[in-house]
Amino acid sequence: DFLDARLTEEVAGRISVEHEMARNLHMRTQADLKEAQREAMLMERLPVRSREKELELRALREQVNKLAKQCDDDEAKFAAEKARVRTLAKSCVREFGQCLTEGRGGGLTKIACRF
(Lines give C-alpha, C1' and ligand atoms only; values in the text may rest on other atoms or scores of the structure.)
Protein backbone atom coordinates (compact mmCIF):
# COMPACT_ATOMS: atom_id res chain seq x y z
CA ASP A 1 0.00 0.00 0.00
CA PHE A 2 2.81 2.42 0.88
CA LEU A 3 4.62 1.81 -2.41
CA ASP A 4 1.39 2.11 -4.35
CA ALA A 5 0.67 5.44 -2.66
CA ARG A 6 4.18 6.69 -3.43
CA LEU A 7 3.90 5.60 -7.07
CA THR A 8 0.52 7.31 -7.41
CA GLU A 9 2.00 10.46 -5.87
CA GLU A 10 4.96 10.39 -8.26
CA VAL A 11 2.76 9.89 -11.32
CA ALA A 12 0.46 12.72 -10.22
CA GLY A 13 3.47 15.01 -9.76
CA ARG A 14 4.80 14.22 -13.21
CA ILE A 15 1.43 14.74 -14.83
CA SER A 16 1.14 18.09 -13.09
CA VAL A 17 4.59 19.18 -14.33
CA GLU A 18 3.83 17.97 -17.85
CA HIS A 19 0.51 19.84 -17.81
CA GLU A 20 2.22 23.05 -16.68
CA MET A 21 4.88 22.68 -19.38
CA ALA A 22 2.19 22.10 -22.02
CA ARG A 23 0.32 25.20 -20.85
CA ASN A 24 3.48 27.31 -20.95
CA LEU A 25 4.32 26.04 -24.43
CA HIS A 26 0.77 26.79 -25.57
CA MET A 27 1.00 30.34 -24.25
CA ARG A 28 4.32 30.79 -26.07
CA THR A 29 2.78 29.46 -29.29
CA GLN A 30 -0.10 31.93 -28.93
CA ALA A 31 2.36 34.81 -28.45
CA ASP A 32 4.38 33.68 -31.50
CA LEU A 33 1.17 33.46 -33.54
CA LYS A 34 0.12 36.99 -32.62
CA GLU A 35 3.59 38.33 -33.49
CA ALA A 36 3.65 36.51 -36.84
CA GLN A 37 0.14 37.79 -37.66
CA ARG A 38 1.21 41.33 -36.81
CA GLU A 39 4.32 41.07 -39.00
CA ALA A 40 2.29 39.66 -41.90
CA MET A 41 -0.28 42.43 -41.60
CA LEU A 42 2.44 45.08 -41.66
CA MET A 43 4.04 43.50 -44.74
CA GLU A 44 0.72 43.27 -46.55
CA ARG A 45 0.18 47.01 -46.07
CA LEU A 46 3.34 47.91 -47.96
CA PRO A 47 2.32 49.52 -51.25
CA VAL A 48 5.11 47.97 -53.32
CA ARG A 49 6.80 44.69 -52.51
CA SER A 50 9.83 43.14 -54.11
CA ARG A 51 10.00 39.47 -55.10
CA GLU A 52 12.09 38.87 -52.00
CA LYS A 53 9.45 40.46 -49.76
CA GLU A 54 6.72 38.39 -51.43
CA LEU A 55 8.64 35.20 -50.61
CA GLU A 56 9.15 36.40 -47.07
CA LEU A 57 5.43 37.15 -46.76
CA ARG A 58 4.54 33.69 -48.10
CA ALA A 59 6.84 32.06 -45.54
CA LEU A 60 5.31 34.18 -42.81
CA ARG A 61 1.79 33.13 -43.85
CA GLU A 62 2.84 29.47 -43.70
CA GLN A 63 4.23 30.05 -40.22
CA VAL A 64 0.94 31.69 -39.17
CA ASN A 65 -0.98 28.67 -40.47
CA LYS A 66 1.29 26.21 -38.61
CA LEU A 67 1.06 28.16 -35.37
CA ALA A 68 -2.72 28.50 -35.67
CA LYS A 69 -3.06 24.74 -36.21
CA GLN A 70 -0.81 24.06 -33.21
CA CYS A 71 -2.95 26.38 -31.04
CA ASP A 72 -6.13 24.65 -32.21
CA ASP A 73 -4.64 21.21 -31.48
CA ASP A 74 -3.50 22.30 -28.02
CA GLU A 75 -6.90 23.75 -27.17
CA ALA A 76 -8.62 20.55 -28.32
CA LYS A 77 -6.25 18.48 -26.17
CA PHE A 78 -6.89 20.69 -23.11
CA ALA A 79 -10.67 20.50 -23.67
CA ALA A 80 -10.53 16.69 -23.91
CA GLU A 81 -8.51 16.49 -20.70
CA LYS A 82 -10.94 18.80 -18.90
CA ALA A 83 -13.87 16.67 -20.08
CA ARG A 84 -12.11 13.51 -18.88
CA VAL A 85 -11.52 14.98 -15.42
CA ARG A 86 -15.09 16.28 -15.25
CA THR A 87 -16.43 12.82 -16.12
CA LEU A 88 -14.22 11.20 -13.49
CA ALA A 89 -15.33 13.69 -10.84
CA LYS A 90 -19.01 13.17 -11.67
CA SER A 91 -18.54 9.41 -11.47
CA CYS A 92 -16.85 9.70 -8.08
CA VAL A 93 -19.57 11.98 -6.70
CA ARG A 94 -22.25 9.60 -7.96
CA GLU A 95 -20.50 6.61 -6.38
CA PHE A 96 -19.96 8.58 -3.16
CA GLY A 97 -23.67 9.35 -3.02
CA GLN A 98 -24.51 5.67 -3.49
CA CYS A 99 -22.14 4.71 -0.69
CA LEU A 100 -23.77 7.23 1.64
CA THR A 101 -27.31 6.14 0.82
CA GLU A 102 -26.51 2.42 1.01
CA GLY A 103 -24.28 2.77 4.08
CA ARG A 104 -21.30 0.99 2.51
CA GLY A 105 -18.09 2.10 4.23
CA GLY A 106 -15.68 0.08 2.08
CA GLY A 107 -16.62 1.92 -1.09
CA LEU A 108 -15.60 5.25 0.40
CA THR A 109 -11.95 4.16 0.53
CA LYS A 110 -12.08 3.31 -3.16
CA ILE A 111 -13.49 6.75 -3.99
CA ALA A 112 -10.97 8.55 -1.77
CA CYS A 113 -8.10 6.74 -3.52
CA ARG A 114 -9.13 8.23 -6.86
CA PHE A 115 -8.45 11.70 -5.52
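Residues numbered from 1 in each chain as written. Predicted model: local features only at pLDDT ≥ 70, side-chain atom pairs only at ≥ 80, totals over all residues. Heavy atoms only, no water.

Draft legend 1. Quick peek at the overall build of the protein. In terms of regular secondary structure, the protein is built from 3 helices and 0 strands. Reading the protein from its N terminus to its C terminus gives the helix and strand order α-α-α. Counting across all 115 residues of the protein, residues that qualify as buried make up 16%. Across the protein, every contact between residues at least 6 apart in sequence was considered, and the portion connecting residues at least 24 apart equals 50%. In the structure as shown, the protein presents an accessible area of about 9,300 Å², 57% of it carried by carbon and sulfur atoms. (Helix = DSSP H or I, 4+ residues; strand = E, 2+ residues; numbered from the N terminus. Buried < 20%, exposed > 50% of the residue type's maximum accessible area, 1.4 Å probe, protein only. Contact = heavy atoms within 4.5 Å. Areas by Shrake-Rupley, 256 points an atom, 1.4 Å probe, with all protein chains shown as cover.)

Draft legend 2. Fine view of helix α2 (residues 51–102). Counted at 1.5 Å a residue, the expected span for α2 with its 52 residues is 76 Å, and the 77 Å between its end C-alpha atoms agrees. For α2, the full list of buried residues reads Leu57, Leu60, Val64, Leu67, Cys71, Asp74, Phe78, Cys92, Glu95 and Cys99. Following α2 by one or two positions, glycine 103 adopts a phi angle in the positive range, close to 75°. (Expected span 1.5 Å × (residues − 1).)

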